[in-house]
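What follows is each chain in one-letter form.
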Protein chains: 2
Amino acid sequence: PILILIFCKCSAPFLGKLLVIPMDGSHWVGMKAIAQEMGRRGHQVTVVIPEISVRMGPGKHYQTVTFPVPYDKAYIDTVISANKGMMSKEALPFMEKMRKGIAKFQKIRRLLLGTAESLLFNDTLISHLQQQGFDAVLTDPMVPTGSLMARLPTINLLRGIPCSLDIKSAGCPSPPSFVPRFFTGYTDKMSFKQRIINTIVALFEPLMCRLLYWHFDQITSEFLGEDTTVAEILSDSDIWLLRLDFASEFPRPLMPNMVLVGGINCNVRNPLPDDLQPWVSGQHGFVVMTFGTMVADMPEETRKIFFDAFKQIPQKVIWRYNGSVPEKVPENVKLMKWVPQNDLLAHPGARAFLTHAGSHGLFEGLCHAVPMLMMPLTAEQPDNAQKMANKGAGVVLNIQTITTEILLDGLKEVINNPKYKENLQKLSAIHNDRPIDPLELSVYWTEYVMKHKGVKHLKATVNELNWIQYYSLDVTAFLLIVLTIAKWCFKNSSK
Amino acid sequence: PILILIFCKCSAPFLGKLLVIPMDGSHWVGMKAIAQEMGRRGHQVTVVIPEISVRMGPGKHYQTVTFPVPYDKAYIDTVISANKGMMSKEALPFMEKMRKGIAKFQKIRRLLLGTAESLLFNDTLISHLQQQGFDAVLTDPMVPTGSLMARLPTINLLRGIPCSLDIKSAGCPSPPSFVPRFFTGYTDKMSFKQRIINTIVALFEPLMCRLLYWHFDQITSEFLGEDTTVAEILSDSDIWLLRLDFASEFPRPLMPNMVLVGGINCNVRNPLPDDLQPWVSGQHGFVVMTFGTMVADMPEETRKIFFDAFKQIPQKVIWRYNGSVPEKVPENVKLMKWVPQNDLLAHPGARAFLTHAGSHGLFEGLCHAVPMLMMPLTAEQPDNAQKMANKGAGVVLNIQTITTEILLDGLKEVINNPKYKENLQKLSAIHNDRPIDPLELSVYWTEYVMKHKGVKHLKATVNELNWIQYYSLDVTAFLLIVLTIAKWCFKNSSK
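Residues numbered from 1 in each chain as written. Chains lettered and ligands numbered in written order. Predicted model: local features only at pLDDT ≥ 70, side-chain atom pairs only at ≥ 80, totals over all residues. Heavy atoms only, no water.

Overview of the overall build of chain A
Point 1. Secondary structure summary: chain A contains 18 helices and 15 strands in total.
Point 2. Since a compact globule built from 495 residues should have a radius of gyration of about 23 Å, the 25 Å found for chain A is in line with a globular shape.
Point 3. Across its three principal axes, chain A shows a C-alpha extent of roughly 90 × 70 × 65 Å.
Point 4. A total of 495 residues make up chain A; the buried ones form 57% of that total.
Point 5. Across chain A, every contact between residues at least 6 apart in sequence was considered, and the portion connecting residues at least 24 apart equals 66%.
Point 6. Of the side-chain charges in chain A, 51 are positive and 45 negative, and the distance between the mean point of each set is 5 Å. (Helix = DSSP H or I, 4+ residues; strand = E, 2+ residues; numbered from the N terminus. Rg over C-alpha atoms; globule rule 2.2 N^0.38 Å. Buried < 20%, exposed > 50% of the residue type's maximum accessible area, 1.4 Å probe, protein only. Contact = heavy atoms within 4.5 Å. Lys, Arg positive; Asp, Glu negative; His and termini not counted. Charge placed at Lys NZ, Arg CZ, Asp CG, Glu CD.)

What follows is the structure in structure tokens.
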């Protein structure tokens, strides 16, 4: 008897229509990769983007539909240049720092809300899109425009929502006893004190969600004309593609419709442009430095520290930098408005990666095993950086207190101490060893949702339970009452 | 720029040594499939089986090591023939029924424990195996011999342990508010009353585990010379390959090291033997009837009912039957000591599947979309049957109250009413549409565990927490005390 192994692809090739409502900045990277690959496979992919954006734009395999927004490129530039302040060494008084922080937050919030409202209340565009007969929508629920707008089978691509709205909407348990919360910096092994703090943070998550999504809850009701919330809309989602991987995360429960696709863009490669060849082929290798889409510039004082340190290393330095440069650039430093970050890190000459510890960058560093010098700025970056440092993948520096000496020591440490490379090779082996490539997997589930019109059999029905029911608090109360009565009866009868 | 998609297989082909400690009966099917495929890929696979067993035996791609057991083939036959009683129409008094049930349970228990002890306390064999330098052990933790014996990186293949020992050992949350317990027959949508009963069943699970594994806990301590339990040993397991699929199960949380491989043997096919050709090629198609490995025979009275019903249908019937047949077998019925069940169900002529609703059979019926007439006998079979019937995949009959008319009606219903086939085609499409074939996936994770020497990064660290800590009961108590004190202080200060 011959053993025949057939990989059952029973259904005929399916081609459909996919609507994509992306988010700007680094969030665009994975989304674009999926949109491109879906289009390449023959699906009709429509990406809806604002007329003005940081980095979203057309692609070879999808069509774009744009909509007008109430801000201009200059406004986006002011939002981005406000981020420069995060690197400032200026010791601002606390109140001033708070004021600046809140002002920055408000600016970003206004940008996100402005974009969302411009799309949702653009009746012509909405009805045009409604007539297209899309099979599904692929979106980033961090800003839930796509989820609200389409009411179609939904694929979410995201890193995670800080108040755990994603986890709650998917009905996924997340016990505070071993699942560390955002911003705590804890691991999965917590002391009693840490578990108390972690639980308190978990208890405050619903409040945090309220604060973060308060305005969106209003838009939701207004747009849909029914009394509902973002959380309710999100719990209808079909597939959650999470840009996470347990090579850098702690093990935690997942629901059947949560799919891990961390490192989604790792294998999306292009050949390096010719002008970069001399910069990557030197005998000492090279260092890549990027601070992400949302940071283009750097205060003069900080930039000088970097230049002074770079002058003293034998490696070439390729630096993504958009600001002005008054003084002379060191000979071994190449400033570029945009760098092919993943292709550079994949090059065998890459010796170190100077990064703000955004999730995409870290996955690229992890995938290609490049030791990291991490200078987190904002959001989940300090958390990300701490996790990678805990795994022995690099060193964390504070950019606000950095000096040339500290930077130089950090550079020499990650470049010359072999332990970082060795740790990364192990981590990388784990991270890269997956039954299926994360982009392939993302496309697979996107097609699945389109083909089967959702994933009813994979979705928990927990959105029909309120939190008292979900945590069985009503059942517990009932059982306690019964026990108490039984005890009382027993006591009285034995008197 | 050209988009290059590379599926990163960074490490060189890895070949290692795998130890397999299987369980007998239907549990052997999936295990054998993995052992064969691992061997075919070039790994050195050693399967350890008792000298006497129901269906375990040698294979082309693995070597077998046998060990003596204190029972003979005749004893196994008496255990199997005791199952015949489950089909009896005899209305036994309750006490007699209980007595028979307990006697049967004791027989099976004695068989399993006898086998386990014969292996664990066979010092020569154990030390021989220890010297082989295996990279990992593949085993079925329902009988935890393999887990105890090897203390190697462990891959578990199982359907599920009724007292949820598997779920608990993996540290997987299983909220009773939406995860129905074994034997309750509930769905994921429960009424308040059902949630109360489900919670009570969940609360009794630890006690049930104690009862089921009490003797094994003793063996564990004796064999390992340390005070430990089966639960603790199992929580060290690396990968849980679960023979489940959400096409027939309700969505529930999973841990990162739980992998669903339901339908693992669906694509393991062999050509049908020549003598079966005339039986499968008739214009009316054919019916397949099997009652699993553990049921070989049938009381005469029951068999007659089947013969009488089969005489009245135009389909051919292929029946796996080991018992004696005094009367004349109908012309359209072929009795066989063994049938290639999966290959028959995969044949386009298969019209119906008469089954005891064992999990393997149901997956084969599901995979090939064959309407089912289910007559569950024992264990999780009534649960399995109810789930499939709920999905519209067939009809459940009670074999103890069956008559020729009832059976004939059931047969006609599943064969002639197109709704079963239609429902199954939908279910089958969902079940078969997976990014990777379940056998392929099982082999992938087995190799992964061998290559990386375990999956530390995927295992929850919850075995370091006791249940009070796991459910944060200590933290809750602390917070309640703090709140009470704070309230008291506030009250007193405002007086």
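Further notes follow.
Quick word on the sheet that holds strand β12 (residues 333-336) of chain A
Residues and elements named next belong to chain A.
Point 1. A sheet is described by the order of its strands in space; here six strands give the open sequence β12-β11-β10-β13-β14-β15, paired in parallel fashion. Looking at which strands have only one partner, the edges of the open sheet turn out to be β12 and β15 (394-396). The mean inter-strand angle of the sheet, taken between neighbouring strand axes irrespective of direction, is 15°.
Point 2. Of the strands in this sheet, β13 (350-355) and β14 (372-374) touch helix α12 (residues 359-367), which is tilted by about 160° from β14. (Pairing = 2+ DSSP bridges. Axes fitted to C-alpha atoms, helices over the stretch in contact; angles between N-to-C directions.)

Thoughts on the relation of the copies chain A and chain B
Point 1. Between chain A and chain B, the superposition needs a rotation of 180° and an axial shift of 0.0 Å, giving an RMSD of 0.1 Å. Given the turn and translation reported, the copies of this chain are related as if by a two-fold rotation axis. The C-alpha atom lying nearest the rotation axis in chain A is that of Leu254(A); the distance is 2.7 Å.
Point 2. A shared interface surface links the copies, since 100% of the contact residues of chain A are contact residues in chain B too. (Least-squares fit on C-alpha atoms with pLDDT ≥ 70 in both.)

Quick word on the interface of chain A and chain B
Point 1. Every contact between the two is made by 67 residues of chain A and, on the other side, 67 residues of chain B.
Point 2. Roughly 6,100 Å² of surface becomes buried between chain A and chain B when both sides are summed, with 66% attributable to carbon and sulfur atoms.
Point 3. The tally of links from chain A across to chain B stands at six salt bridges.
Point 4. Measuring nitrogen to oxygen at the nearest pair gives 3.6 Å for the salt bridge that ties Glu464(A) to Lys189(B).
Point 5. The interface formed by chain A and chain B holds 16 residue pairs in polar contact (both at pLDDT 80 or more) in total.
Point 6. Among the secondary structure elements, those contributing two or more residues to the side of chain A that touches chain B are β1 (4-5), α1 (27-40), α7 (192-224), β9 (268-269), α15 (418-432), α16 (438-452), α17 (467-470) and α18 (473-493) of chain A. (Buried area = accessible area lost by both parts, 1.4 Å probe. Salt bridge = Lys/Arg side-chain N within 4 Å of Asp/Glu carboxyl O. Polar contact = N/O pair within 3.5 Å; in protein donor to acceptor, adjacent residues only side chain to side chain.)

Brief notes about the domain arrangement of chain A
Point 1. Examined at the domain level, chain A breaks down into domain 1 (17-266 + 438-458), domain 2 (274-432) and domain 3 (466-493).
Point 2. Using C-alpha coordinates to define each centre, domain 1 of chain A is positioned 41 Å away from domain 3 of chain A. (Domains from an automatic or database assignment.)

Focus on the nonpolar core
Point 1. Within the largest apolar cluster, 88 residues are counted, with the highest numbers of intra-cluster contacts made by Ile34(A), Leu241(A), Trp445(A), Leu19(B), Val48(B), Phe216(B) and Met258(B).
Point 2. With eight residues, α16(A) is the largest single contributor of residues to this core.
Point 3. Each residue touching Ile34(A), except ones within four places of it in the same chain, is listed here: Leu138(A), Leu157(A), Leu241(A), Ile264(A), Leu439(A), Ser442(A), Val443(A) and Thr446(A).
Point 4. Judged by nonpolar contacts, the second largest core, of 87 residues, contains Leu19(A), Leu120(A), Phe216(A) and Leu242(A). (Core = buried A, V, L, I, M, F, W, Y, C linked by side-chain atoms within 4.5 Å.)

Here we look at helix α18 (residues 473-493) of chain B
Point 1. For α18(B), spanning 21 residues, the distance from its first C-alpha to its last is 30 Å, which sits close to the expected 30 Å at 1.5 Å a residue.
Point 2. Along α18(B), the residues classified as buried are Asp474(B), Val475(B) and Leu479(B). One side of α18(B) carries all its buried residues, which in axial view fall inside an arc of 130°. When the buried face of α18(B) is taken as reference, the exposed residues oriented beyond 90 degrees from it are Leu480(B), Ile481(B), Thr484(B), Lys487(B), Trp488(B) and Lys491(B).
Point 3. Among the structural elements, α7 of chain A together with α17 (467-470) of chain B are those in contact with the buried residues of α18(B). (Expected span 1.5 Å × (residues − 1). Arc of directions from axis to C-beta.)

So, the pattern of salt bridges
Where charged atoms from two side chains of opposite charge approach closely, those side chains can pair.
Residues and elements named next belong to chain B.
Point 1. Following the criterion strictly, the structure yields 39 salt bridges over all chains and no others.
Point 2. Of the charged contacts, one joins Arg-41 and Glu-37 as a salt bridge, the two residues approaching to 3.0 Å between their closest N and O atoms.
Point 3. Given the relative accessible area of 1%, Glu-37 is considered buried.

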